[in-house]
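Summary of structural features
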Amino acid sequence: MRVLIVVPALNEESGLPPLLSELRAVAEGDGFSAEIVVIDDASTDRTAEVAREHGARVVRLCRNLGIGGAVQTGLRLALREGFDCAVQMDGDGQHPPSELRKLLAAMQAPLAPDIVVGSRFLHGEGFQSTLPRRMGSGWLGWVLRLVTGEKTTDPTSGYRVYGRRALRLFNWSYPHDYPEPEALVLAKVAGLRVIEVPVVMKERQGGASSISIVHAPYYMLKVTAAILLAYARSWHRIEPRTL
Ligand SMILES: Nc1nc2c(ncn2[C@@H]2O[C@H](COP(=O)(O)OP(=O)(O)OP(=O)(O)O)[C@@H](O)[C@H]2O)c(=O)[nH]1
Ligand SMILES: [Mg+2]
């Protein structure tokens, strides 16, 4: 399986070196061939240089596109270059590379899913986020269940693997900011199979978060509306066979 690991990064010069070293060690140890691409979302620090120094390929965006634009750039690259799947993981060290084998194993299991999401809440191990964030995540999970009818324990997880059908879907459309919950609706509405597997996550290891207390109310409102609107788009359903 050819895997492209996509790391969206905004000012992650401190998180990238340990992450990239560990990723290489894990890929060697587990015997899969993984290319790593860091999507530098117009950082103002040494993110691109540091990523290159640690052996990653770098796509440097000339303007900040936000997490969604950065992720979609990586997924498009994976599709265009014929990778079998793409992994999305944060550049801040929250997503331990040692957990990657669980996601990839699920991707290769019989009845292979289109998207595998790493969930920190399925087994409740590792960093469980702060209480307000857990509450926000619970709310979004509830809204997702309302529209898709399926349980999602960790709707905001950005530790994911996408198969070819998902890459084709998100080549066409991927949400802009705070994209993870909305992307799940787009996938489910398009008939893709999404599963969650338990993973352990860590706290952000450096740099600054995209979700401050000031942005939290906007985040909740925007993502809730986006989920409902994405579901409304199912009236213009994409036929799975076209993916
Ligand atoms: N903040 C931010 N992050 C971006 C952007 N573009 C790419 N990223 C990267 O996207 C990944 C996810 O963003 P985070 O800020 O870590 O989001 P999060 O994991 O939900 O929040 P934390 O739990 O606080 O880390 C990180 O690797 C960022 O560096 C952007 O425009 N803004
Ligand atoms: Mg993070």
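The text that follows walks through the structure, step by step, so that each part is easy to find. Treat the numbers as computed from the prediction; the structure is a model and nothing was measured. (Residues numbered from 1 in each chain as written. Chains lettered and ligands numbered in written order. Predicted model: local features only at pLDDT ≥ 70, side-chain atom pairs only at ≥ 80, totals over all residues.)

Before going further, it helps to examine unusual backbone geometry. Residues other than glycine seldom take positive phi values, yet Asn11 does so here, at roughly 50 degrees. Assignment of secondary structure puts Asn11 in the loop between strand 1 (2–9) and helix 1 (16–30). Positioned with a positive phi, Leu111 is a non-glycine residue whose angle comes to about 60 degrees. When you line up the elements, Leu111 lands in the loop between helix 4 (100–108) and strand 5 (115–119). We classify Leu111 as exposed; it has 6 C-beta atoms within 10 Å. (Helix = DSSP H or I, 4+ residues; strand = E, 2+ residues; numbered from the N terminus. Buried ≥ 20, exposed ≤ 12 C-beta atoms within 10 Å, placed from the backbone.)

Now for the pairing of strand 3 (residues 57–60). Consecutive side chains of a regular strand alternate in pointing toward one face of the sheet and then the other. Summarising the sheet, strand 2 (residues 33–40) and strand 3 pair through four bridges and their orientation is parallel. Within strand 3, the position partnered with Val37 by the bridge is Arg57. For the crossover that starts at strand 2, traverses helix 2 (residues 47–53) and ends in the parallel strand 3, the hand is right-handed. (Pairing = 2+ DSSP bridges. Right-handed = clockwise from strand over helix to strand, strands pointing away.)

Another aspect to go through is the site of ligand 1. Near ligand 1 lie 18 residues; those nearest to it are Leu10, Asp41, Gly91, Ser209 and Ser210. For the shell around ligand 1, the element with the most residues is helix 3 (residues 66–80), which contributes three residues. (Near = placed C-beta within 6 Å.)

Another point: the packing of helix 5 (residues 131–148) against helix 7 (residues 180–189). Between helix 5 and helix 7, the least distance of the axes is 11 Å, while the angle of their chain directions is 15 degrees. Comparing their axes, helix 7 and helix 5 come out roughly parallel. For the pair helix 5 and helix 7, the sense of crossing is right-handed. Every residue of helix 7 that contacts helix 5 at Leu140, Leu144, Val147 and Thr148 is listed here: Pro181, Leu184, Val185 and Lys188. Of the residues in the contact of helix 5 with helix 7, the class split is six nonpolar, one polar and one charged. (Axes fitted to C-alpha atoms, helices over the stretch in contact; angles between N-to-C directions. Parallel < 35°, antiparallel > 145°, perpendicular 65-115°, else oblique. Left-handed = near helix turned anticlockwise from the far one by under 90°. Contact = placed C-beta atoms within 7 Å. Nonpolar A, V, L, I, M, F, W, Y, C, P; charged D, E, K, R; others polar.)

Here we come to helix 7. Among the 10 residues in helix 7, 10 count as buried, and that is most of the element. All of the buried residues in helix 7 are Glu180, Pro181, Glu182, Ala183, Leu184, Val185, Leu186, Ala187, Lys188 and Val189. Lining the buried residues of helix 7 we find strand 5, helix 5, helix 6 (164–172), strand 7 (194–198) and helix 8 (216–232). Immediately beyond the C-terminal end of helix 7, within one or two residues, lies Gly191, with a positive phi of roughly 85 degrees.

Take the sheet that holds strand 2 next. Spatially, seven strands are ordered 3-2-1-4-6-5-7 in an open sheet, and the strand pairing comes out mixed. Pairing within the sheet leaves two strands with one partner each, and these edge strands are strand 3 and strand 7. Between one strand axis and the next, the sheet turns through 20 degrees on average, direction left out of account. Here helix 1 sits on the sheet and contacts strand 1 and strand 2; the angle it forms with strand 2, its principal contact strand, is near 165 degrees.

Moving on to helix 5. Under the 1.5 Å per step criterion, the end-to-end length of helix 5 is 25 Å for 18 residues, consistent within 8% with the ideal 26 Å. Turning to helix 5, its buried residues number three or more, namely Gly136, Ser137, Leu140, Val143 and Leu144. Buried positions in helix 5, seen along its axis, are confined to an arc of 125 degrees and lie on one side of it. Among the exposed residues of helix 5, those oriented more than 90 degrees off its buried face are Leu131, Met135, Gly138 and Leu146. Tucked inside the fold, the buried residues of helix 5 contact helix 7 and helix 8. Just downstream of helix 5, Gly149 is the residue with a positive phi angle, here 80 degrees. (Expected span 1.5 Å × (residues − 1). Arc of directions from axis to C-beta.)

With that out of the way, let us pick up the environment of Tyr174. Here Tyr174 shows up in the loop between helix 6 and helix 7. Between the C-alpha atom of Tyr174 and that of Leu186, which follows or precedes it by 12 residues, the distance is 8.3 Å. Setting aside anything within four residues of it in sequence, one finds Tyr174 in contact with Gly68, Val71, Gln72, Leu75, Pro179 and Ala183.

Another aspect to go through is the pairing of strand 4 (residues 85–88). Residues Cys85 and Val87 line one face of strand 4 and the alternating positions Ala86 and Gln88 line the opposite face, and both faces are buried. Where strand 1 and strand 4 come together, four bridges link them in parallel fashion. Within strand 4, the position partnered with Val6 by the bridge is Gln88. Judged from the three bridges that link them, strand 4 and strand 6 (residues 160–162) form a sheet pairing that is antiparallel. In the strand pairing of strand 6, Val87 is matched with Val161.

Interpretation note: all reported values are geometric properties and have no functional meaning in isolation.
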